[in-house]
Amino acid sequence: MNNDKMIEEKLKNNDFLTKKSKIKFNCTACGDCCYNQDIILTPIDILRLRRELQTTTDELLRKNIISIHIGPNSKLPVCVLKFPGVQTPTGNLSMCPFLKPEFNDEILEIQKLDISLEEKKEKVAELVKKKILEGKAKRICSIYKNRPTVCRLYPLGRVTEKNKKTGKMKLKFMMIDKDKIPCKKECFKKEVTVEQWLKQNDETSFEKETLKFYDIFTEIGEVVIKLDHSPSEINSLANVLYNFDTIIGCQLSLKNLPNKTKEDKVKTFELSAGMAKNLGDVFNLLPNFSLDIFSKAYKKEFTDEDLREAFNQIIDISNLISCEIKQKYGSKTNPNKSNKKKS
Ligand code: SF4
Ligand code: SF4
């Protein structure tokens, strides 16, 4: 489902909702919107995913669950949730890797049994047959508590806007057009305000931090979009935003290689970490990262308050990178390039 054109149209017509706006919507948790989507992840989403799966960003990259790239137009780091695709008679179908049968726990129990693979397959097949007959074979989100922001908002979309006079950032919302979402007729009856919808979906906890983050991100974007290439600091930013393991690794390598020069330590670490490139820029910022917080950012006990602390540190470091980028490239922009930017 590609909503780019629709969003472009709404931006053009200033067709937005405020928190007080009323919408008619009620989610039945059918899971039909978890196919063929492009889900862009924020640093908060990555922190939540790591907590849910008790894993690191490196592992998420290795297992092909997420990917990180530099946007060809925005020149900013983008992290996306990858949907494995299958070819069907009616075309390509991609499904979220976290959309699982509601009896998934029972499947996991079978997988743990001390029996052969063939016996496990037979048991799972029997279970699936039984659940279908009982009408309990629905697919549901298996990471619901830690699902990404896009999923919490759906079918709302969100953009940020900066007041030119006050410099204050504001969140604005939009409802995806009815004909572009798979929800059934009965979903459009119950009236709620946007604010109620956000609260119901636990999407209000990190609003202050989110606005601060987008303010910095937008400022970086305004400088780099005018450049002919994405500067190396953007790779460092990608590590800071999504791949905190590289930062932890850097800090540990600093500790464990006390007699080497900074350049040697950077090289040694870059050689051992797949995603870590151009870490020289980040190295100077390392003392700002708390090893205490980030070293538990893949454990169940990583609380929402820890998450806030980690996100605040990410924002602070992004701000330092932003200052460096503005200072270094602020005046070296290509005057022929457009300054227009979509949030
Ligand atoms: S398709 Fe609509 S009703 Fe079904 S889970 Fe998604 S948002 Fe909810
Ligand atoms: S994370 Fe959950 S809600 Fe979001 S697309 Fe995947 S299964 Fe659906």
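Quick caveat: nothing in here was measured; it's all calculated off a predicted structure.

Scoring rules and cut-offs
- Residues numbered from 1 in each chain as written.
- Chains lettered and ligands numbered in written order.
- Predicted model: local features only at pLDDT ≥ 70, side-chain atom pairs only at ≥ 80, totals over all residues.
- Helix = DSSP H or I, 4+ residues; strand = E, 2+ residues; numbered from the N terminus.
- Buried ≥ 20, exposed ≤ 12 C-beta atoms within 10 Å, placed from the backbone.
- Contact = placed C-beta atoms within 7 Å.
- Near = placed C-beta within 6 Å.
- Nonpolar A, V, L, I, M, F, W, Y, C, P; charged D, E, K, R; others polar.
- Core = buried A, V, L, I, M, F, W, Y, C linked by C-beta atoms within 7 Å.
- Pairing = 2+ DSSP bridges.
- pLDDT = per-residue confidence, 0-100.
- Axes fitted to C-alpha atoms, helices over the stretch in contact; angles between N-to-C directions.

**A few points about the overall build of the protein chain**
Scanning the protein chain from terminus to terminus reveals 14 helices and 11 strands. Split into buried and exposed, the 343 residues of the protein chain put 25% on the buried side. A fraction of 74% describes how many contacts in the protein chain between residues 6 or more apart in sequence connect residues 24 or more apart.

**Comments concerning the site of ligand 1**
Around ligand 1, the neighbouring residues are Cys27, Thr28, Ala29, Cys30, Gly31, Asp32, Cys33, Tyr154, Pro155, Pro182, Cys183 and Cys187. Looking at side-chain class alone, the shell around ligand 1 contains nine nonpolar, two polar and one charged residues.

**Focus: helix H9 (residues 232-242)**
Here H9 lies mainly inside the structure; 10 of its 11 residues are buried. All of the buried residues along H9 are Glu233, Ile234, Asn235, Ser236, Leu237, Ala238, Asn239, Val240, Leu241 and Tyr242.

**Side note on the nonpolar core**
Ranked by size, the top nonpolar core spans 41 residues in total, and within it Leu47, Val240, Ala297, Ala310, Phe311 and Ile314 carry the most contacts. For this core, the secondary structure elements donating two or more residues are helix H2 (43-53), strand S3 (66-70), strand S4 (77-81), helix H8 (207-224), H9, helix H10 (244-256) and helix H14 (304-329). The greatest single-element share of this core, amounting to eight residues, is contributed by H14. Apart from the residues within four sequence positions on either side, Ala310 is in contact with Leu47, Ile293, Phe294 and Ala297. Formed by seven residues, the second largest nonpolar core is a distinct cluster that contains Cys151, Tyr154, Trp197 and Leu198.

**Considerations on the pairing of S3**
Sheet analysis places S3 next to S4, joined by five bridges and oriented antiparallel. Looking across to S4, one finds that Ser67 is bridged to Val80. Turn length for the S3-S4 hairpin, with the two strands adjacent in sequence and antiparallel, is six residues, and the turn residue Lys75 shows positive phi of about 60°.

**Examining the environment of Ile23**
Mapped onto the fold, Ile23 is located in strand S1 (residues 22-24). Judged by the 18 C-beta atoms lying within 10 Å of it, Ile23 is partly exposed. Setting aside anything within four residues of it in sequence, one finds Ile23 in contact with Leu17, Met175, Val192, Val194 and Trp197.

**Re the confidence of the model for the protein chain**
Interpreting fine coordinate detail is not advised for predicted regions of low pLDDT. Here the protein chain shows a mean pLDDT of 85. Residues at 70 or above account for 86%. Across residues 334-343, where pLDDT falls below 50, the model places 13 contacts with residues more than four positions away in sequence or in other chains.

**Quick word on the site of ligand 2**
In the neighbourhood of ligand 2, the contacting residues comprise Cys34, Cys96, Phe98, Leu99, Cys141, Ile143, Arg147, Pro148 and Cys151. When grouped by side-chain class, the residues that make up the shell around ligand 2 number eight nonpolar, no polar and one charged.

**As for unusual backbone geometry**
Cis geometry marks the peptide bond from Tyr154 to Pro155, where omega comes out at 10°. The topology assignment puts Pro155 in the loop between helix H6 (149-153) and strand S9 (156-162). Even without a glycine there, the phi angle at Asn14 is positive, about 50°. In this fold, Asn14 is placed in the loop between helix H1 (4-12) and S1. Exposure remark for Asn14: the 8 C-beta atoms within 10 Å place this residue in the exposed category. Not every positive phi belongs to a glycine, and Gln54 is a case in point at roughly 50°. Within the secondary structure, Gln54 is located in the loop between H2 and helix H3 (57-62). Classification of Gln54 as exposed rests on a count of 11 C-beta atoms within 10 Å.

**Side note on the sheet that holds S4**
Judged by pairing direction, the sheet is antiparallel, and its three strands sit side by side in the order S2-S4-S3 without closing on themselves. Across the chains shown, the open sheet's two edge strands, defined by having one partner strand only, are strand S2 (39-41) and S3. Within this sheet the neighbouring strands show an average axis-to-axis angle of 40°, counted without direction. Most of the contacts of H9 go to S4, to which it runs at about 40°, and overall it touches S3 and S4.

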